[in-house]
Amino acid sequence: MIGVLHKLFLAVGLSTGVVVGTQSQNIALADEPGTVLITGSSRGVGFELAKQYAVKEWKVIATCRTPSEADDLVRLAESYPNVVIEEMDVTDVDEIEALAKGYAGTPIDVLINNAGIFGTVSLQRFEELDYSTFVDVMAVNVFGPLKVTQAFADSVAASEKKKIVTITSGLGSMTLTEEAFEGYYFYRASKASVNIIGRTLAADLRDRGILIGLFNPGIVDTGFGGTNYDGPKLTPEEAVAALIGFVETLSPETAATMINYDGVPMPW
Ligand SMILES: NC(=O)c1ccc[n+]([C@@H]2O[C@H](COP(=O)([O-])OP(=O)(O)OC[C@H]3O[C@@H](n4cnc5c(N)ncnc54)[C@H](OP(=O)(O)O)[C@@H]3O)[C@@H](O)[C@H]2O)c1
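Since this is a predicted model, take the numbers as computed values, not measurements.

The rules we used
Counting starts from 1 at the beginning of each chain's written sequence and moves along it residue by residue. Note on the predicted model: pLDDT of at least 70 is required for a residue's local features to be given, and 80 or more for side-chain atom pairs to be given and counted; whole-chain, interface and lining totals, by contrast, use all residues. The angle between two axes is taken between their N-to-C directions and runs from 0 to 180 degrees, where each axis is a line fitted to C-alpha atoms and a helix contributes only its stretch in contact. Only runs of H or I of at least four residues qualify as helices and only runs of E of at least two qualify as strands under DSSP, and these elements are numbered from the N terminus. Put simply, angles under 35 degrees are roughly parallel, angles over 145 are roughly antiparallel, angles from 65 to 115 are roughly perpendicular, and the rest are oblique. Note on contacts: residues are paired as contacts if their backbone-placed C-beta atoms lie within 7 Å. Polarity classes work like this: nonpolar for Ala, Val, Leu, Ile, Met, Phe, Trp, Tyr, Cys and Pro, charged for Asp, Glu, Lys and Arg, and polar for all others, with Gly in that last group. Any residue whose C-beta atom, as set from the backbone, lies within 6 Å of a molecule or strand is reported as near that molecule or strand.

Peer 1: Describe the packing of helix H3 (residues 44-55) against helix H4 (residues 71-79), listing the residues and the values that go with them.
Peer 2: The geometry of H3 relative to H4 is characterised by a closest axis approach of 10 Å and an angle of 10° between their N-to-C directions. The angle between H3 and H4 places the two elements in the roughly parallel class. For the pair H3 and H4, the contacting residues are Phe47, Ala50, Lys51 and Ala54 in the first and Asp72, Leu73 and Leu76 in the second. Looking at side-chain class alone, the contact of H3 with H4 contains five nonpolar, no polar and two charged residues.

Here it is in structure tokens:
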């Protein structure tokens with residue numbers, strides 16, 4: 001069992017040693033505040049992103065699909081006037097385009113495509129494959145980041161920092177097929193897809209000076225996915241500190257390739 005878990009940690013980019021955050025501490029250089037737009041910021045990694053950027057005095061455009069139910073985010077915005085909550089379901093083309101139109105002419109330094117779903121695990125087993133779940137997972141994890149990026153590209157291009165980062169997953173890596181995981185067809189496919197989309201966006205947006213980042217946060221203790229995994233996890237605070245460090249140091253050398261939370265490129 002221990003051997004299986006060890007393989008599992010390696011598969012998703014988690015170390016079995018306690019080295020969490022080392023690289024991020026090294027790269028957490030000061031970065032002048034700008035404007036960040038985050039998708040899926042009602043909870044989990046997205047909420048923690050909104051919180052850490054708010055503390056760093058960035059202007060935070062915290063988007064979520066149901067602001068009236070995003071209690072933590074509402075409380076954050078009450079404490080930090082630099083946080084603005086906006087409604088945006090990343091599968092809703094009209095909503096995405098309307099919000100982007102509202103921000104037309106407003107520079108957005110960093111766009112973080114964070115919103116994601118795992119999809120019901122049991123419906124991604126070979127014997128049970130449920131194609132409407134497949135459609136749902138692809139809609140949020142693949143269509144969402146692409147459409148949001150397309151809609152907000154002008155605002156990012158108009159900014160100083162010009163960075164777009166999508167949260168991917170080690171489960172989308174082609175090197176994991178023989179590892180301890182089984183199933184998860186839809187989630188894996190969605191993250192592999194969003195990786196190739198990231199590389200394609202990097203080529204299309206290079207002339208506008210936009211850098212595309214693809215970041216694997218490791219296994220983060222947000223309750224995401226509902227799998228039975230009971231091994232080591234990063235806290236949202238640790239994962240997001242690493243993510244912000246990644247954003248700050250994103251360069252042509254680290255763009256358009258999958259980077260693990262510890263700063264190391266992942267095979268994909
Ligand atoms: N946690 C991990 O171990 C892990 C590992 C690797 C990668 N990731 C990736 O990290 C990202 C964040 O994961 P998490 O752990 O923070 O998950 P989470 O706690 O489940 O949060 C997911 C967020 O996405 C939002 N969301 C879902 N569907 C949406 C839609 N159609 N439009 C807009 N927002 C939507 C949710 O909003 P509602 O509150 O409205 O549902 C929620 O705010 C995901 O892309 C995930 O694939 C996570």
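Here the narrative resumes.
Peer 1: I'd like a rundown of the environment of threonine 149, residues and numbers included.
Peer 2: Mapped onto the elements, threonine 149 comes out in helix H6 (residues 131-157). Remark: the alpha-carbon pair of threonine 149 and isoleucine 164, spanning 15 residues in sequence, is separated by 7.6 Å. With residues near it in sequence (within four places) discarded, threonine 149 still touches Leu111, Asn113, Ile164 and Leu201.

Peer 1: Provide a residue-level description of the site of the ligand, including the pertinent values.
Peer 2: As a structural note, the neighbourhood of the ligand is formed by 25 residues, with Gly40, Gly44, Ala115, Gly116 and Phe224 the closest of them. Looking at the shell around the ligand, the element that brings in the most residues is H3, giving three residues. Its residues assigned to classes, the shell around the ligand shows 11 nonpolar, 11 polar and three charged.

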